[in-house]
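Listed here are the chains, written in short residue letters.
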Amino acid sequence: MYDYIDIMKEILKVKRGDGSYSEVAIGDVIDTLDNYLPKVKKMIVITDENVYKYYNTFIDKYEKIVIGLGEKNKSLKTLDYIYGELLRMGADRGSYIVGFGGGIVTDIAGFAASTYMRGLGFGFVATTLLAQVDASVGGKNGVNFEGFKNMIGVFNQPDFVLCDISVLSSLPEREFRSGLAEVIKSGLILDKGLFELFEHNSYDDFRNNKELLFEAVTRAVAVKKTIVEIDERETGDRKKLNLGHTFAHAIEKCSREFVHGEAVGIGMRIIADVSLNEGLITSAQRDSISKVLDNAGLPVESGIPMPQLMEALKNDKKKESDSVSLILMKGIGECVIRKYKFDEINGIIKNAD
Ligand code: GLY
């Protein structure tokens, strides 16, 4: 538990395609949930078994749909179950959905809400660090299909996202570290000062100092807001949010050993090497990136042989026929998108280091 400090709260409004705003509230905000909910006949919370155990006092005020745990449940089968429950509950166009949980819950709840009866209103309570700084913000909702992550989905931003900092104190270590990978990513993409927080503070500082964590989450959400407002539907700049993710998805396809943020951490190390090799960062900057990832306790390498990783990369859903776009660091706090042919990638990775 954190020491008592004054109530902290920050609200960032992310502009949506139709000109309205998705409101992201960060800080001591979980008790304000009712203020965000419209007056409707049917309020339905979608959550998972674990989150329900912790937060049943919040959730039991509403109707609920509880899904199973883990990435394997981010599937059409779970969606089928959710649609069935919505139907049985008598949910209609006037009903409202709250996704209450981590990234898997918010992704699937957002997709169910966006598609059931052509779309219901929805908002999120994001209970993991990864969901707060990435998954729940910006409107990517969807499910996995035939081994491909997020293959079926929509862009549709929630009305609100509550990112309560205190709920993060109960996260298991591994999940917390995984979320930190996405925060570090945000710093590398667009906020040098956020990256520097990781140079000057230890893992334990982020884990135990609520003010520091509040600042890190707020800055990471601000990075996402900036990019999503420029390119909500990922035709250009939003690809930058995928820094480290091309290799991460390949790693996750080849192995179940890593959680998402761990794979992103390994992906960022590979990209740091490539960026150094391409003359975009200095060796001091590459070393600093490695050190920051080490301090966050993120794994150094996947142990997956490069040919296997390349094969998975070739099957990436974002690939084009013979090439893939990589997001490279350009110094700290800036990045560039470069397209590589598959036969070039082997070379740039071998030459890195
Ligand atoms: N998670 C990357 C994005 O939202 O675009």
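The present account deals with the structure reproduced in this document. Worth saying up front: this structure is predicted, and the values here are computed from it rather than measured.

Cut-offs and rules
Residues numbered from 1 in each chain as written. Predicted model: local features only at pLDDT ≥ 70, side-chain atom pairs only at ≥ 80, totals over all residues. Heavy atoms only, no water. Helix = DSSP H or I, 4+ residues; strand = E, 2+ residues; numbered from the N terminus. Rg over C-alpha atoms; globule rule 2.2 N^0.38 Å. Buried < 20%, exposed > 50% of the residue type's maximum accessible area, 1.4 Å probe, protein only. Contact = heavy atoms within 4.5 Å. Areas by Shrake-Rupley, 256 points an atom, 1.4 Å probe, with all protein chains shown as cover. Near = heavy atom within 4 Å. Polar contact = N/O pair within 3.5 Å; in protein donor to acceptor, adjacent residues only side chain to side chain. Nonpolar A, V, L, I, M, F, W, Y, C, P; charged D, E, K, R; others polar. Pairing = 2+ DSSP bridges. Core = buried A, V, L, I, M, F, W, Y, C linked by side-chain atoms within 4.5 Å. Axes fitted to C-alpha atoms, helices over the stretch in contact; angles between N-to-C directions. 1 Å grid on protein atoms, 1.4 Å probe; cavity = no way out; pocket = protein on both sides within 12 Å on 5 of 7 lines; lining within 4 Å. Points joined across faces, edges and corners; volume = space filled by probe spheres on them. Parallel < 35°, antiparallel > 145°, perpendicular 65-115°, else oblique. Left-handed = near helix turned anticlockwise from the far one by under 90°.

### So, the overall build of the chain
Looking only at helices and strands, one finds 14 helices and 11 strands in the chain. For the chain, the C-alpha radius of gyration of 20 Å lies close to 20 Å, the compact-globule estimate for 353 residues. The principal-axis extents of the C-alpha atoms in the chain amount to approximately 60 × 50 × 40 Å. Taken across its 353 residues, the chain has 57% of its residues classed as buried. Of the contacts formed within the chain by residues at least 6 apart in sequence, a portion of 70% connects residues at least 24 apart. Within the structure as shown, the chain displays about 15,200 Å² of accessible surface, and the carbon and sulfur contribution to it stands at 49%.

### Quick word on the site of the ligand
Inspection of the region around the ligand gives Asp134, Lys140, Lys224, Glu234, Arg238, Leu241 and Asn242 as its neighbouring residues. Note that an oxygen atom of the ligand is positioned 3.0 Å from one of the side-chain N or O atoms of Lys140. Here an oxygen atom of the ligand and a side-chain polar atom of Lys224 are 2.6 Å apart. Look at the ligand: alone it shows 200 Å² of surface, and the protein chains cover 89% of it. Across the shell around the ligand, the residue classes tally to one nonpolar, one polar and five charged.

### Some details on the pairing of strand β10 (residues 323-329)
With respect to burial, β10 is a largely interior element, seven of its seven residues being buried. Of the two faces of β10, the one lined by Ser323, Ser325, Ile327 and Met329 and the one lined by Val324, Leu326 and Leu328 are each fully buried. In sequence, β10 turns back onto strand β11 (residues 335-341) through a hairpin of five residues, with Gly331 there showing a positive phi of about 65 degrees.

### Regarding the nonpolar core
Ranked by internal contacts, the top residues of the largest apolar core, which has 118 residues, are Phe100, Leu129 and Ile184. The element that contributes the greatest number of residues to this core is helix α9 (residues 210-230), accounting for 10 residues. In this view, Ile184 contacts Phe195, Phe198, Met268, Val292, Leu293, Ala296 and Leu298; residues no more than four positions away in its chain are not counted.

### Considering the sheet that holds strand β9 (residues 160-164)
Here seven strands make up an open sheet; going across it, the order is β1-β2-β9-β6-β5-β3-β4 and the pairing mixed. Both edges of this open sheet fall to β1 (9-15) and β4 (63-67), since each of them pairs with a single strand only. With direction set aside, neighbouring strand axes in the sheet form an average angle of 15 degrees. By the bridge criterion, seven bridges tie β1 to strand β2 (residues 21-27) in an arrangement that is antiparallel. Within β2, the position partnered with Glu10 by the bridge is Ile26. In the packing of helix α2 (residues 49-59) onto the sheet, the strands contacted are β3 (43-48), β4 and β5 (96-101), and the crossing angle to β3 comes to about 145 degrees. Against the sheet, helix α4 (residues 103-115) contacts β3, β4, β5 and β6 (121-126), and its axis sits at roughly 170 degrees relative to β5.

### Considerations on empty space enclosed by the protein
Going through the model one piece at a time under the given rule, you end up with two cavities of 30 Å³ or more. Considered as a void within the structure, the largest cavity measures approximately 40 Å³ in volume. Taken together, Leu180, Phe198, Asn201, Ser202, Tyr203, Phe206, Val292, Asn295 and Ala296 make up the full set of residues lining the largest cavity. Within the residue set of the lining of the largest cavity, elements represented by two or more residues are α8 (203-208) and α12 (283-295).

### Some details on the packing of helix α7 (residues 192-200) against α9
Close contact between α7 and α9 brings their axes to 10 Å; oriented N to C, the two are set at 150 degrees. The pairing of α7 with α9 is recorded here as roughly antiparallel in orientation. The way α7 lies across α9 gives a crossing that is left-handed. Residue-level inspection shows Gly193, Leu194 and Leu197 of α7 in contact with α9, the latter providing Leu212, Glu215, Ala216, Arg219 and Ala220. Looking at the contact of α7 with α9, its residues break down into five nonpolar, one polar and two charged.

That's the geometry; what it means functionally is another story.
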